[in-house]
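What follows is the residue order along each chain.
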2 protein chains.
Amino acid sequence: MSTLDHYVEILKKGNIKVTQQRIDILKYLDSHLSHPTAEEIFLSLKKTHPALSKTTVYNSLDVLRKHGIITTLTITENELRYDFKTKMHHHFLCKKCGQIIDIDISCPNIEKISKFGHRVDEVHGYFKGICKNCLDQGRGKNKSQSLT
Amino acid sequence: MSTLDHYVEILKKGNIKVTQQRIDILKYLDSHLSHPTAEEIFLSLKKTHPALSKTTVYNSLDVLRKHGIITTLTITENELRYDFKTKMHHHFLCKKCGQIIDIDISCPNIEKISKFGHRVDEVHGYFKGICKNCLDQGRGKNKSQSLT
DNA sequence: ATATCAAATTGTAATTAATACAATTTAATA
DNA sequence: TATTAAATTGTATTAATTACAATTTGATAT
Ligand SMILES: [Mn+2]
Ligand SMILES: [Mn+2]
Ligand SMILES: [Zn+2]
Ligand SMILES: [Zn+2]
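Being a predicted model, the structure only gives us computed values, none of them experimental.

Trainee: Residue-level account of the sheet that holds strand E5 (residues 119–130) of chain B, with values.
Mentor: Pairing is mixed in the open sheet, where six strands are placed in the order E4(A)-E3(A)-E5(A)-E5(B)-E3(B)-E4(B). Edge positions in the sheet fall to strand E4 (100–103) of chain A together with strand E4 (100–103) of chain B, since each of these pairs with one other strand and no more. For this sheet, the mean inter-axis angle between neighbouring strands, taken without regard to orientation, is 25°. Two elements, strand E3 (residues 90–94) of chain A and strand E5 (residues 119–130) of chain A, share four bridges in a ladder whose sense is parallel. Each bridged residue has a counterpart across the sheet, and for Cys-94 of chain A the counterpart in E5 of chain A is Gly-129 of chain A.

Trainee: I'd like a description of the protein's contact with DNA strand C, backed by residues and values.
Mentor: Around DNA strand C there are 20 residues in total, and Tyr-58 and Leu-80 of chain A together with Thr-19, Gln-21 and Thr-56 of chain B lie nearest to it. At 3.3 Å, a side-chain N or O of Arg-22 of chain B approaches a phosphate oxygen of DNA strand C. Within the residue set of the surface near DNA strand C, elements represented by two or more residues are helix H4 (54–66) of chain A together with helix H2 (20–31) and helix H4 (54–66) of chain B. Top element by residues in the surface near DNA strand C is H4 of chain B. It accounts for four residues. Each residue belonging to the surface near DNA strand C can be placed in one class, and the counts come to five nonpolar, eleven polar and four charged.

Trainee: Give me H4 of chain A: which residues, what numbers.
Mentor: Residues and elements named next belong to chain A. Between its terminal C-alpha atoms H4 stretches 18 Å, which fits the 18 Å expected from 13 residues at 1.5 Å a residue. Against helix H1 (4–13), helix H2 (20–31), helix H3 (38–48) and strand E2 (81–83) lie the buried residues of H4. For H4, the capping residue at the N-terminal end is Ser-53, with a side-chain oxygen 3.1 Å from the backbone nitrogen of Thr-55. After H4 finishes, the residue Gly-68 shows a positive phi value of roughly 75°.

Trainee: Lay out the coordination of the manganese ion (ligand 1) with the relevant residues and their values.
Mentor: Residues and elements named next belong to chain A. Looking at the manganese ion (ligand 1), the protein donor atoms are His-35 (NE2), Asp-83 (OD), His-89 (NE2), His-91 (NE2) and Asp-102 (OD), and they sit 2.0 to 2.3 Å from it. Look at where the donors of the manganese ion (ligand 1) fall in the sequence and you get H-x47-D-x5-H-x1-H-x10-D. Taken together, the positions of His-91 in strand E3 and Asp-102 in strand E4 put the pair eleven residues apart, joining distant regions of the chain. For His-91, a relative accessible area of 4% translates into the label buried. Residue Asp-102 is classed as partly exposed on the basis of its relative accessible area, which comes to 23%.

Reading guide: rules and limits
- Residue indices begin from 1 for each chain and proceed along its sequence in written order.
- Labels follow written order: the first chain is A, the first ligand is 1, and so on.
- For this predicted model, a pLDDT threshold of at least 70 governs which residues receive local features, and a threshold of 80 or more governs which side-chain atom pairs are given and counted, while totals over whole chains, interfaces and linings are taken from all residues.
- For side-chain calculations, the full set of non-hydrogen atoms in the structure is used, while hydrogens and water are omitted.
- Each pair of strands is called paired provided DSSP finds at least two bridges between the two strands.
- In this description a helix means any DSSP run of H or I spanning at least four residues, a strand means any run of E spanning at least two, and both kinds are numbered starting from the N terminus.
- Angles shown run from 0 to 180 degrees and are taken between the N-to-C directions of axes, each axis being a line fitted to C-alpha atoms and, for helices, limited to the stretch in contact.
- If a single non-hydrogen atom of a residue is within 4 Å of a molecule or strand, that residue counts as near it.
- Side-chain atoms alone can form a polar contact between residues adjacent in sequence; in general such a contact is a pair of N or O atoms within 3.5 Å, and within protein one must be able to donate a hydrogen while the other accepts it.
- Classification used: nonpolar for Ala, Val, Leu, Ile, Met, Phe, Trp, Tyr, Cys and Pro, charged for Asp, Glu, Lys and Arg, polar for all others including Gly.
- Any helix carries an expected span of 1.5 Å times its number of residues minus one.
- Residue contacts are counted whenever heavy atoms from the two residues lie within 4.5 Å of one another.
- Listed donors are limited to N, O and S atoms within 2.8 Å of the metal, widened to 3.2 Å for Na, K and Ca; water is not among them, so incomplete-looking sites are possible.
- Categorising residues by exposure relies on relative accessible area from a 1.4 Å probe, with only protein chains included: less than 20% of the type maximum marks a residue as buried, more than 50% marks it as exposed, and the intermediate range marks it as partly exposed.

The structure is reproduced here in structure tokens:
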């Protein structure tokens, strides 16, 4: 969550033409770190920007990704997800509530891969299971905690 | 690569009805550890079994997966990939030649996730970059090595 | 060996994420 | 303010996956 100028700066620094659509998408991703899909981003932004095209969302996300400003996750099966956080981290997908949680750990395996002779550009660490919240609820300890 | 009886045994052990289609799919996955897509499996099996339906391939893969006989990979963006190898291992996707290589290492991070309170059922470790073969070719050391 | 029947297969249609493309608009520069 | 390359829009298309009804078949009991 930052001032709009912050997103303008990010775009200018990458020599990306500054448009309202791109600012909106960046702002959305920065304030929704839940790894949304293109569809979710589109539907949300369309509320306050009815003329927005889904193609623009896809195009903008591609541009941002190619410039390393955002990253993508292939953790779910049918759609790509987007992440404003680019620092290497892991993810946990809860198969019950569906949320994708950031896990701030690094990967100690990169060096091993390099020893095989491959050049590693990206590291993706995903875990799937049941999150703490869902486990607690399943045990009857319903503390009426929100899952959104 | 095993005798057909082996795949029959696998199905029977899982209380899965034995059909020629399921045997064929299992055999294909066992002898093609390249993490094929449903489409690739379908096209290859259709050659010797022209009546095969793509729906059957999807259904069978789902059944096999639900019984833990095969696993799935979401490493590429547009399609699911299937793996006969269920023992926990990592993967490396070469962005040049497209092949997905098995990396036989384990994940030292599982315990950390458990400490967060989540229950971990699946571990997915993916790396992306340029594989050794492609790197060597790029350096002009073309030893005419096959990439298939 | 044969009849039975739930389950599997098939073929087609529907859904959905993503991409292609031509017309229009706009951000950046002069 | 005029210019222009790039971005946006809307629509059409592609491609992976799922839904579903009709048909076939594997396993069981007779
Ligand atoms: Mn994240
Ligand atoms: Mn594998
Ligand atoms: Zn959960
Ligand atoms: Zn390669």
